[in-house]
Amino acid sequence: MNPFKELPKDRKITYSNWNTLAEKPYDKNTTGPYTKTRVILMNGTEFESNWFLHQFNRHCLNNDVRRVLAEVRRQEQQQQKRISALKPIDETILETTIGYEQLAVDLTAEMAQKEPNPVVKAQLDFALLEDFDHLYRYSNLLDMEEGVHAERLVGGYTEITPARPTITEHRHPNDDIRFYINCWQDALITRLHTGIITAAEQQTMNYYMNVGNFYHSDLGRKLYTEIAMIEEQHVSGYGSLMDPSSTWFESWVMHEYTECYLYYSCYQDESDPKIKKVWLEHFEQELTHLKIASDMLYKYEGREWEQLFVGGAEFPSLLRLKSNVDYIREVIKDVRLTGYKETTVKIDELPDSADYFKYQRQVNSSISSVASHAVIEKYIKRNGEDYRFEVKPNPEKTLRDRTVDNVCLGRKKGC
């Protein structure tokens, strides 16, 4: 499908009433995990769209353009409110968090397996191991404090086991910046991947930044603080992949194209008929937004949308959220990698003078105060071993001991 050649249902933007925005929430006990993760994904996509349009507005001198941005943004806001309403009130902060991490894991794995750009693929695989470990930490906290087994929430589709230990992930900011892509040379799917994963990780970062202080225990609040800092690193890494040379109008067209792609992907993949209807209606609205953005590109830059899609604008392989157990097990073999300037290297190859070691000494000066470690240590002390859901033993032998939390792997040389 080429969304530029699809006729929008509405040629002009129309707005919903309050009843439409107040969607009936899904049932947290019967709704499938990938429906929940699609809700999180599209909530984050709408957040990114709204903040992009706000930033465009703040950097634009033309009030005629700003009025059009405001019209589109208002409907994007309504879409976000409608999606946000799908989350039920009885789903706890931590239960929702499991959905965020399952999305991070399986979305990243899905894209990494399709990604043709080696730099982008390397960053996807690198951060995948960190989100995978976050899922393990939050799952232990969930069982310990709420008595809920996360394996039920993830539907058995995603393993829950350690990867690159969260304590190992704390890097100096200099080591989270990557080389950016070239939107004129890279494949369309690469452009989609960089935008989608940046928005998704940004939403995770924002969620943890805002809900962490509402969590009911001091240990949980500290865990959200720690992992929110890692999400900041991920957003820095992923965001730096995006082509900074794109104009505001070019970026606007790409944002709307990405939303069309995602809503259509969700519509094709959705099993819940009520939510499937939401994805279709939003896709049709996004076709209108895409037409508006491409018209504005022509009006103010004299360029047709075809010039931005020289290889064609047909949707590449649609995004499908599914189990990726085997792929993730292969990626765990690279657990000893760490960031170094624009690339990644094994910890044993890192210079002794590297910023990574200095930052670790500053931030993790007291291991016992690191919440991600304290959660596992407390769980083991109470239960004799950690909480896991594995189809077979962890592929990294040093992570198979369930009676101790490894705080050395990938963090210290020779470990």
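Residues numbered from 1 in each chain as written. Predicted model: local features only at pLDDT ≥ 70, side-chain atom pairs only at ≥ 80, totals over all residues. Heavy atoms only, no water.

Draft legend 1. Quick peek at the pattern of salt bridges. Counted under the stated rule, the structure contains 28 salt bridges. Taking the shortest distance from any N to any O, the salt bridge between R38 and E270 comes out at 2.8 Å. Taken together, the positions of R38 in helix α2 (residues 33-58) and E270 in the loop between α9 (248-269) and α10 (273-301) put the pair 232 residues apart, joining distant regions of the chain. This pair shows no difference in class: R38 is buried, exactly as E270 is. In this structure, the salt-bridge partner of E110 is K322, at a minimum N-O distance of 2.4 Å. Note that E110 is positioned in helix α4 (residues 93-114) and K322 in the loop between α10 and α11 (325-331), a separation of 212 residues in sequence. Overall, E110 belongs to the buried group, its relative accessible area being 3%. Each of the salt bridges in this network shares a partner with another, and the network as a whole consists of E385, D386, R388, E390 and R402. (Salt bridge = Lys/Arg side-chain N within 4 Å of Asp/Glu carboxyl O. Helix = DSSP H or I, 4+ residues; strand = E, 2+ residues; numbered from the N terminus. Buried < 20%, exposed > 50% of the residue type's maximum accessible area, 1.4 Å probe, protein only.)

Draft legend 2. Representation of the packing of α2 against α9 in the model. Where α2 meets α9, the axes come as close as 11 Å, and the angle between the chain directions of the two elements is 165°. One way to sum up the angle between α2 and α9 is to call them roughly antiparallel. By crossing handedness, the relation of α2 to α9 is classed as left-handed. Here α2 contributes R38, L41, M42, T45, E46, E48, S49, F52, L53, Q55 and F56 to the contact with α9, which in turn contributes W248, F249, S251, W252, H255, E259, L262, Y263, C266 and D269. For the contact of α2 with α9, the class distribution of residues is 11 nonpolar, 5 polar and 5 charged. (Axes fitted to C-alpha atoms, helices over the stretch in contact; angles between N-to-C directions. Parallel < 35°, antiparallel > 145°, perpendicular 65-115°, else oblique. Left-handed = near helix turned anticlockwise from the far one by under 90°. Contact = heavy atoms within 4.5 Å. Nonpolar A, V, L, I, M, F, W, Y, C, P; charged D, E, K, R; others polar.)

Draft legend 3. Looking closely at the state of the cysteines. This model, assessed by the stated rule, comprises 1 disulfide. Put simply, C408 and C415 are joined by a disulfide, and their sulfur atoms are 2.1 Å apart. C266 supplies the cysteine sulfur nearest to C260, a cysteine that is in no disulfide, at a spacing of 12 Å. Judged by its relative accessible area of 0%, C260 is buried. (Disulfide = S-S within 2.5 Å.)

Draft legend 4. View of the packing of α2 against helix α3 (residues 63-84). It is at 9 Å that the axes of α2 and α3 come closest, and there the two elements cross at 160°. Classified by the interaxial angle, the pair formed by α2 and α3 is roughly antiparallel. Note that α2 runs across α3; the crossing there is left-handed. Listed contacts from α3 to V39, M42, N43, E46, S49, N50, L53, H54, F56 and N57 of α2 are V65, R66, L69, V72, R73, E76, Q77, Q79, Q80, I83 and S84. Of the residues assigned to the contact of α2 with α3, the class counts are 8 nonpolar, 9 polar and 4 charged.

Draft legend 5. View of α9. Its 22 residues place the ends of α9 31 Å apart at the C-alpha level, agreeing with the 32 Å of an ideal helix rising 1.5 Å per residue. Within α9, 18 of the 22 residues are buried, which leaves the element mostly enclosed by the surrounding structure. (Expected span 1.5 Å × (residues − 1).)

Draft legend 6. Quick peek at the side chain of K36. Structurally, K36 can be placed in helix α2. No salt bridge forms around the buried K36; measuring N to O, its nearest opposite-charge neighbour E91 is 4.3 Å away. Looking at K36, its side chain comes within polar contact range of the main-chain oxygen of K28, at 2.8 Å. Not counting chain neighbours up to four residues away, the residues in contact with K36 comprise Y26, K28, T31 and E91. (Lys, Arg positive; Asp, Glu negative; His and termini not counted. Polar contact = N/O pair within 3.5 Å; in protein donor to acceptor, adjacent residues only side chain to side chain.)

Draft legend 7. Examining the environment of C415 more closely. The topology assignment puts C415 in the segment after α13 (371-383). For C415, a relative accessible area of 32% translates into the label partly exposed.

Draft legend 8. Structural detail: the environment of M229. Relative to the helices and strands, M229 is located in helix α8 (residues 218-239). Along the chain, M229 and N383 lie 154 residues apart, while their C-alpha atoms are 29 Å from each other.

Draft legend 9. Quick peek at the pairing of strand β1 (residues 337-340). As paired strands, β1 and strand β2 (residues 343-346) are joined by 4 bridges and run antiparallel to one another. Bridge pairing in β2 links T338 to V345. In sequence, β1 turns back onto β2 through a hairpin of 2 residues, with K341 there showing a positive phi of about 55°. (Pairing = 2+ DSSP bridges.)

Draft legend 10. Representation of α13 in the model. Compared with an ideal rise of 1.5 Å per residue, which puts 13 residues at 18 Å, α13 spans 18 Å between its outermost C-alpha atoms and is within 8% of the ideal. When α13 is considered as a whole, its buried residues turn out to be A371, S372, H373, A374, V375, I376, Y379 and I380. Residue G384 follows α13 closely and has a positive phi angle near 90°.

Draft legend 11. Representation of the packing of aromatic side chains in the model. Enumeration according to the criterion identifies 26 aromatic pairs in this entry. Between F4 and Y257 the ring centres are 6.0 Å apart and the planes differ by 20°, which places this aromatic pair in the stacked class. With F4 in the segment before α1 (18-21) and Y257 in helix α9, this residue pair connects regions lying 253 residues apart in the sequence. Between Y263 and W279, the ring centres sit 6.0 Å apart and the planes meet at 40°, which makes this aromatic pair tilted. Linking Y263 in helix α9 with W279 in helix α10, this pair joins segments that are 16 residues apart in sequence. Each of the two residues, Y263 as well as W279, counts as buried. (Phe/Tyr/Trp six-rings, centres within 6.5 Å; stacked < 30°, edge-to-face > 60°.)

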